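Chain residues, written in single-letter form:
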Amino acid sequence: MYSEKVMEHFSNPRNVGELENADGVGEVGNAHCGDIMKIYLKVENDVIVDVRFKTFGCGAAIATSSIATEMIKGKTIDEALQLTNKAVVEALDGLPAPKVHCSVLAEEAVKAAIEDYKNKQSKK
Amino acid sequence: MYSEKVMEHFSNPRNVGELENADGVGEVGNAHCGDIMKIYLKVENDVIVDVRFKTFGCGAAIATSSIATEMIKGKTIDEALQLTNKAVVEALDGLPAPKVHCSVLAEEAVKAAIEDYKNKQSKK
Amino acid sequence: MSTAKRIYMDHAATTYTHREVLQEMLPFFTDYYGNPSSIHQFGREVKKNIDIARERVAKAIGALPEEIYFTAGGSEADNWAIKGSAYANRKKGNHIITSVIEHHAVLHTCEYLEKEGFEVTYLPVDRFGMVSVEDVRNAITDKTILITLMYANNEIGTIQPIEEIGRLAKEKGIYFHTDAVQAVGSVKIDVKQQNIDMLSLSAHKFYGPKGIGALYVRKGVKLISFLHGGAQERGRRAGTENVPGIVGLGKAIELASGKLDESVARITGLRDKLVQGVMENIPYTRLNGHPEKRLANNASFCFEYIEGESLLLNLDLKGVAGSSGSACTSGSLDPSHVLLAIGLPHEIAHGSLRLSLGEINTEADVDYVLQILPEIVDKLRQMSPLYEKVKG
Amino acid sequence: MSTAKRIYMDHAATTYTHREVLQEMLPFFTDYYGNPSSIHQFGREVKKNIDIARERVAKAIGALPEEIYFTAGGSEADNWAIKGSAYANRKKGNHIITSVIEHHAVLHTCEYLEKEGFEVTYLPVDRFGMVSVEDVRNAITDKTILITLMYANNEIGTIQPIEEIGRLAKEKGIYFHTDAVQAVGSVKIDVKQQNIDMLSLSAHKFYGPKGIGALYVRKGVKLISFLHGGAQERGRRAGTENVPGIVGLGKAIELASGKLDESVARITGLRDKLVQGVMENIPYTRLNGHPEKRLANNASFCFEYIEGESLLLNLDLKGVAGSSGSACTSGSLDPSHVLLAIGLPHEIAHGSLRLSLGEINTEADVDYVLQILPEIVDKLRQMSPLYEKVKG
Ligand SMILES: Cc1ncc(COP(=O)(O)O)c(C=O)c1O
Ligand SMILES: Cc1ncc(COP(=O)(O)O)c(C=O)c1O
């Protein structure tokens, strides 16, 4: 069902957890549908220096969260905004059709966290 | 499907053939339905001294013909008229339900032959 | 994280075919292969064995051999019973009573019939998954032609009050069908005493082969054919007989009924140990289904704050096979209709796990699961944004 | 009259399961027994093998794997194709075209649909059992939604002009289903080239197991489900998969297509020898079916003045298994509808014998049949009151 890459990220998810005093936090999805992703960013000089996630969801939800955090770590905010769900799927060597929505959620979670960061910045 | 008794009569049918100058001949059934039985009687002093049959039909048709001829051989005309299809079925240790009509045919063939004998007698 | 260990606790999904059963089937692939409808020796020697299988099935459920019809499994039996009796009795009425927790083979069939002009009442269940006999009684109208209620639920194991419903149906002169796919082999059934008019069963749930089942149809029940064609099964179910399957079903049901009490006792013991261990060691956990009136082999849980598929996959990585009514395992968005029907909110229903025990499971298997499951649940909860809030 | 000799010439009724096929099936009873819908390892390792089987079936008939749906056999495939497409296209029209010589799985299904408001044209055939493409064309109305014509006839072996009918159906935008249960494994089929929209097949006709078949459904064909329930077969055919059966079907069809040319050549040789021997040595005999456009393995005769069942039983006593379209073997009163449809009078149709050859048959088998058959026919004729008249 899942590619080896998905299972690898599922079994050993990277960047699990929270960041205290995060510069941006994004949460998408809802428990009703069975998927919640929450992403925490630490940003310095427009670069994502640290990232963590918490996810309630299926294997694909956990794996997409994990790889998405890896893909944006060390990137600038603008680079991170380029992350697409397609790129996430490709990086995982594909996802079964009914699971593609998890990659969309991952993209949205990253964007939500960046938006939160930008909001906080503009309020400073 | 068939009892051993049926198969025994089917494999070694008794009294197959015709009788020249038969005292009575009965033919029942028709080719359309796939069953024809023809019975030949030789009668002396009201006793059936010889009997032959020819049958076009299935295994049960042949077996019932064979046993029916055995059952009436040596009997008086009146005794032979008592032959029922039920007796034929019993003598064969039973017949599958869709084949019971063959035993009816056998009874009818015997009766037709006796009728023919009686007709011929009355014309004498 | 070795996968060398393999513990199968998904017997409600399907079982292996018992070696004794397979042994009895084997000659019918290669040696006794005639078509049972053929009148030659190759056919006759096979037909005899179909008759024996039919008698074995009949005996196991208290029916007559001529009341047993072989099908390709539980789903076909359900489709046939429901569509066949609905269409055969259209003139009497168009109303069918069922429940919200039926298997999809019943539910989707009923939904199909709704499109075709039938009316269906889907009875609710209580928090244990139990249908109320009073609800059945109240749902009956003068248009009601069929009550179809499952014997035991496949997800949560709850056993319905079949005998009471049978009595009611008989009293009202309405046909009563029960999907006993999960019950046969685990529960003592007597269709006559229980006034069951039709009953579906499937061999692969009790150590028989997949792809073969049966429908019991009480003599006199009006039912049209579902599979039209040849005159097999006394003209009521077409198709060259799955001879090895039929022989296997016969052997499997005989074995299962022969050791029913003994195996129920053993499995219940294991199951109780499993349930107790889980409930004691894992907080925020619920047992789904009825505490007592449940299948011996069924242990169904909901673990709050986590999702079922990731739980299953983690168990699988540790060599344990279970199942989940989580939406994600089914590819749909909603979690199992059964878990929602017993009143669980979506987010909790997503976190379900069914472990269904079988012949091969041992105490050691249960101990192993009790050892790894708390760790897995905890790991997933630590990862869950929902759990934060609880701890916090 | 020894029964030690056993010669099976009823391969059109059913075949044994090839040892290689059984070998490939065996692990799926006892070792790889997971439910292919399960996400754990037990399920995944099985699912893979279903995919392989699907690819093998697809390849054998020139379809895509996602166009293959597994069923419980040829009858279910026929029922599904016909009822499923009729109901799915009710809004477009209610007219179905078929022929008078179809298998009962098609005929009885069409008759059922007539009761449900569909109109069915049953095309006649010529004396060889051939449908005319012009007749098909003339039968088409603007209400026609389905043409269902068998690829090759099971009794007399005649092969229909499938490609021409496919072309016509495509030109008119009407679905074309073919019951290829007798053809698969004996004829080269390419559903794309032949414009076939749906095709039924059944494993036990080509050395696969009984109780498993498939329906090919061209992508885009509108078809409702027949078996409602679980989401198996991409939501279109419910029921836990008959895994060993599916694996066996895959292996059997691969073996059969791999050696198609070779085996057709060999069997045709045997068959021609048999037909020639019978026709030369037994007077008042007819060969049924088309002289050339016929299945390689099919030899169908009518022996005048005798009845088929007693012929079969006599052959059986000598160890030879054949079949007959005689009324008596079917338990009905009319002989085979196929033999009547090719214009045989009842009394001649009653005297039919089908010998269908297979892998295991040898020249010696044919010689043996040629030796005993004339004696048996003669013995029965000597006993027949119809024959008297001929001789006399
Ligand atoms: C032409 C034809 N169609 C359909 C069928 C039905 O197939 P099955 O018996 O596998 O259901 C058969 C064989 O019995 C057949 O010969
Ligand atoms: C309660 C119930 N009904 C029906 C079915 C369908 O049976 P099958 O998969 O054998 O068609 C199942 C199992 O899948 C079941 O658990």
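The following refers to the structure shown.

### Details of the site of ligand 1
Around ligand 1, the surrounding shell holds 14 residues, and the nearest of these are C:Thr240, D:Ser75, D:Asp179, D:Ser202 and D:Lys205. Ligand 1 sits at a junction of chains, with neighbouring residues supplied by chains C and D. Within the side chain of C:Thr240, a nitrogen or oxygen atom sits 2.5 Å from an oxygen atom of ligand 1. One of the side-chain N or O atoms of D:Lys205 is found 3.1 Å from an oxygen atom in ligand 1. Bound to the protein, ligand 1 loses 95% of the 390 Å² it would expose on its own. A per-element tally of the shell around ligand 1 places helix α4 (residues 74–88) of chain D first, with three residues. Looking at the shell around ligand 1 residue by residue, the classes come out as two nonpolar, nine polar and three charged.

### Quick word on empty space enclosed by the protein
Residue and element names in this part refer to chain D. Across all of its chains, the model carries eight cavities of 30 Å³ or more by this definition. In this structure, the largest cavity occupies an estimated 330 Å³ of space. Forming the boundary of the largest cavity are 24 residues, of which Gly 185, Ser 186, Lys 205, Tyr 207 and Ser 263 lie nearest the centre. At the level of secondary structure, the elements contributing two or more residues to the lining of the largest cavity comprise α9 (243–258) and α10 (260–281). Class assignment for the residues of the lining of the largest cavity results in twelve nonpolar, nine polar and three charged. Each pocket or cavity is described by its volume, and for the second largest cavity that value is around 210 Å³.

### Things to note about α4(D)
An α-helical turn contains 3.6 residues, so any two residues separated by three or four positions project in the same direction. Given a rise of 1.5 Å per residue, 15 residues ought to cover 21 Å, and the 21 Å separating the end C-alpha atoms of α4(D) matches this to within 8%. The buried fraction of α4(D) amounts to 14 of the 15 residues, a majority that puts the element mostly inside the structure.

### Some thoughts on the interface of chain B and chain D
Of the residues lining the interface, 27 residues belong to chain B; the matching set on chain D comes to 24 residues. Taken together, both faces of the contact between chain B and chain D bury some 2,100 Å²; the carbon and sulfur share is 66%. Of all residues in chain B, B:His32, B:Lys54 and B:Phe56 give up the largest surface area on contact with chain D, accounting jointly for 27% of the area buried on that side. Taken together, chain B and chain D are joined by three salt bridges. Close ionic contact of B:Lys38 with D:Glu388 constitutes a salt bridge, the shortest N to O distance being 3.1 Å. At the boundary of chain B with chain D, the tally comes to twelve residue pairs in polar contact (both at pLDDT 80 or more). Of all the elements in the fold, those that place two or more residues in the side of chain B that touches chain D are α1 (4–11), β2 (35–44), β3 (47–56) and α2 (59–72) of chain B. Top contributing element to the side of chain B that touches chain D by residue count: β3(B), with four residues. Here the side of chain B that touches chain D is composed, by residue class, of 16 nonpolar, six polar and five charged.

### Comments concerning the environment of D:Ala81
Note that D:Ala81 resides in helix α4. D:Ala81 sits 280 residues away from D:Asn361 along the chain, and the two C-alpha atoms are 34 Å apart.

### Quick look at the environment of A:Asn15
Residue and element names in this part refer to chain A. Tracing the chain through its elements places Asn 15 in the loop between α1 (4–11) and β1 (24–30). By relative accessible area, Asn 15 is classed as buried at 15%. Once the C-alpha coordinates of Asn 15 and Lys 120 are considered, the two residues, 105 residues apart in sequence, prove to be 23 Å apart. The residues touching Asn 15, leaving out its near neighbours within four places in the chain, are Val 51, Arg 52, Phe 53, Thr 69, Glu 70 and Lys 73. A polar contact is formed between the side chain of Asn 15 and the side chain of Lys 73, at a distance of 3.4 Å.

### Regarding the nonpolar core
Among the nonpolar cores identified, the biggest contains 134 residues, and C:Phe70, C:Ile147, C:Leu199, D:Phe70, D:Ile147 and D:Leu199 are the most heavily contacted of them. With near-sequence residues (within four places) excluded, D:Leu199 lies in contact with D:Ile61, D:His177, D:Thr178, D:Ala180, D:Val184, D:Ile189, D:Val191, D:Ala214, D:Leu215 and D:Tyr216. By size, the runner-up hydrophobic cluster in this structure holds 69 residues, among which are A:Val51, A:Ile77, C:Ala296 and C:Leu313.

### Considering unusual backbone geometry
Its identity as a non-glycine residue notwithstanding, B:Asn15 has a phi of 60°, on the positive side. One non-glycine residue, C:Tyr305, lies in the positive phi region at around 75°. With respect to the helices, strands and loops of the structure, C:Tyr305 is situated in the loop between β10 (298–303) and α11 (308–317). For C:Tyr305, a relative accessible area of 17% puts it in the buried group.

### A look at the packing of aromatic side chains
For the structure shown, the criterion picks out 26 aromatic pairs over all chains. Centroid distance C:Tyr8 to D:Tyr33: 4.9 Å. Interplanar angle 80°. Geometry classified as edge-to-face. In this pair, C:Tyr8 sits in strand β1 (residues 7–8) while D:Tyr33 sits in the loop between α2 (27–30) and α3 (41–61), so the two residues belong to two different chains. Taken individually, C:Tyr8 and D:Tyr33 each receive the classification buried, so the pair is uniform in this respect. Here the aromatic cluster, defined as three or more aromatic residues joined through ring pairs, consists of C:Tyr8, C:Tyr16, C:Tyr207, D:Tyr33 and D:Phe42.

### As for the relation of the copies chain D and chain C
Least-squares fitting of chain D to chain C yields an RMSD of 0.0 Å, with the superposition described by an axial translation of 0.0 Å and a rotation of 180°. Put plainly, the chains are arranged around a two-fold axis. Distance from the rotation axis, computed per C-alpha, reaches its smallest value in chain D at D:Ala72: 3.0 Å. Counting the interface residues of chain D, we find that 100% of their copies in chain C are interface residues as well, pointing to one common contact surface.

Reading the values: the criteria
- Residues numbered from 1 in each chain as written.
- Chains lettered and ligands numbered in written order.
- Predicted model: local features only at pLDDT ≥ 70, side-chain atom pairs only at ≥ 80, totals over all residues.
- Heavy atoms only, no water.
- Near = heavy atom within 4 Å.
- Polar contact = N/O pair within 3.5 Å; in protein donor to acceptor, adjacent residues only side chain to side chain.
- Areas by Shrake-Rupley, 256 points an atom, 1.4 Å probe, with all protein chains shown as cover.
- Helix = DSSP H or I, 4+ residues; strand = E, 2+ residues; numbered from the N terminus.
- Nonpolar A, V, L, I, M, F, W, Y, C, P; charged D, E, K, R; others polar.
- 1 Å grid on protein atoms, 1.4 Å probe; cavity = no way out; pocket = protein on both sides within 12 Å on 5 of 7 lines; lining within 4 Å.
- Points joined across faces, edges and corners; volume = space filled by probe spheres on them.
- Expected span 1.5 Å × (residues − 1).
- Buried < 20%, exposed > 50% of the residue type's maximum accessible area, 1.4 Å probe, protein only.
- Contact = heavy atoms within 4.5 Å.
- Buried area = accessible area lost by both parts, 1.4 Å probe.
- Salt bridge = Lys/Arg side-chain N within 4 Å of Asp/Glu carboxyl O.
- Core = buried A, V, L, I, M, F, W, Y, C linked by side-chain atoms within 4.5 Å.
- Phe/Tyr/Trp six-rings, centres within 6.5 Å; stacked < 30°, edge-to-face > 60°.
- Least-squares fit on C-alpha atoms with pLDDT ≥ 70 in both.

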